[in-house]
Amino acid sequence: MSKKEKESQTSAPEQEPQEEVKQETPPEETVQQEEAPKQEETSAPDPVESLKKDLAAREDQLLRLAAEYDNFRRRSVREKSEAYSKAKADAAEKFLPVYDNLERALNQGTEDQAFLKGVEMTMNQLVKVLESLDIHKIDALGKPFDPNFHNAVMHTEDENLGENVVAQVFQTGFIMGDRVIRHAMVQVAN
């Protein structure tokens, strides 16, 4: 054999494996390309499921916001009512010394009937105004002593009255609903 034939025989088998290699690589690439979309499908979340989760989260957020607003509204109404009540009680408390002075003036004897009648009318008008504001006197005389409504400043021994009974009222107490504006200043029998 000549050199050329040897070269052609030696080069021909080399070319065939190269061709085989070329033929083998395309099927591998297609397999890899086919696997790639499968991986994308499994790794990508379902858009419907993600939208459902997002919708549920938004609904929960809106429900919480609505509940928070409702609580705020209730709290605001309650605070407004309490502020009005407190302001009314504070204002009425400022007028109680006027009541005390009118009561003392009525308890003093006087010859001038016109003066007495004027003081009585003023006292009656003040009592009506206080009652229109839902402010009432604490009835204490002869009642059992209650530290929630009475302020004991003296004790006395009196067999006619039972134990811990109010014997005398020095200063009238006032109440508005369940709230005590001023405790009644009393003397208690032992």
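**Some details on the side chain of Arg182**
Within the secondary structure, Arg182 sits in strand β5 (residues 179–182). Exposure remark for Arg182: the relative accessible area of 13% places this residue in the buried category. Within polar-contact distance, the side chain of Arg182 engages the side chain of Asp100 at 2.7 Å. Here Thr172 takes part through its backbone oxygen, which lies 2.6 Å from a polar atom of the side chain of Arg182.

**Describing the pattern of salt bridges**
Applying the stated criterion across every chain yields a total of seven salt bridges. The closest approach of N and O atoms between Asp70 and Arg73, which form a salt bridge, is 2.5 Å. Of the two residues, Asp70 and Arg73 both sit in helix α2 (residues 47–107), three residues apart, roughly one turn of that helix. We classify Asp70 as partly exposed; its relative accessible area is 22%.

**Digging into the sheet that holds strand β4 (residues 173–176)**
Judged by pairing direction, the sheet is antiparallel, and its three strands sit side by side in the order β1-β4-β5 without closing on themselves. Edge positions in the open sheet fall to β1 (135–138) and β5, since each of these has one partner strand only. Taken over all neighbouring pairs, the strand axes of this sheet differ in orientation by 35° on average, direction set aside. Sheet topology places β4 next to β5; three bridges connect them, and they run antiparallel. Considered in β5, the bridge of Phe174 is made with Arg182.

Criteria and cut-off values
Per chain, the residues get numbers from 1 upward, laid out in the order the sequence is written. In keeping with the model being predicted, local features are shown solely for residues with a pLDDT of at least 70 and side-chain atom pairs are shown and tallied solely at 80 or more, while totals for entire chains, interfaces and linings include all residues. Heavy atoms throughout the structure, all of them, feed into the side-chain values; hydrogens and water do not. Think of it this way: any DSSP run of H or I at least four residues long counts as a helix, any run of E at least two long counts as a strand, and we number them from the N terminus. Only protein chains enter the area calculation, which uses a 1.4 Å probe; residues under 20% of their type maximum are buried, those over 50% are exposed, and those in between are partly exposed. Between N or O atoms, a polar contact is any pair within 3.5 Å; within protein, one atom must be a potential hydrogen donor and the other a potential acceptor, and residues adjacent in sequence are included only when both atoms are from side chains. Whenever a carboxyl oxygen of Asp or Glu lies within 4 Å of a side-chain nitrogen of Lys or Arg, that contact is scored as a salt bridge. In this scheme, strands are said to pair when DSSP sees at least two bridges between them. Lines are fitted to the C-alpha atoms to define the axes, a helix being fitted only along its stretch in contact, and any angle between axes, read from their N-to-C directions, falls within 0 to 180 degrees.

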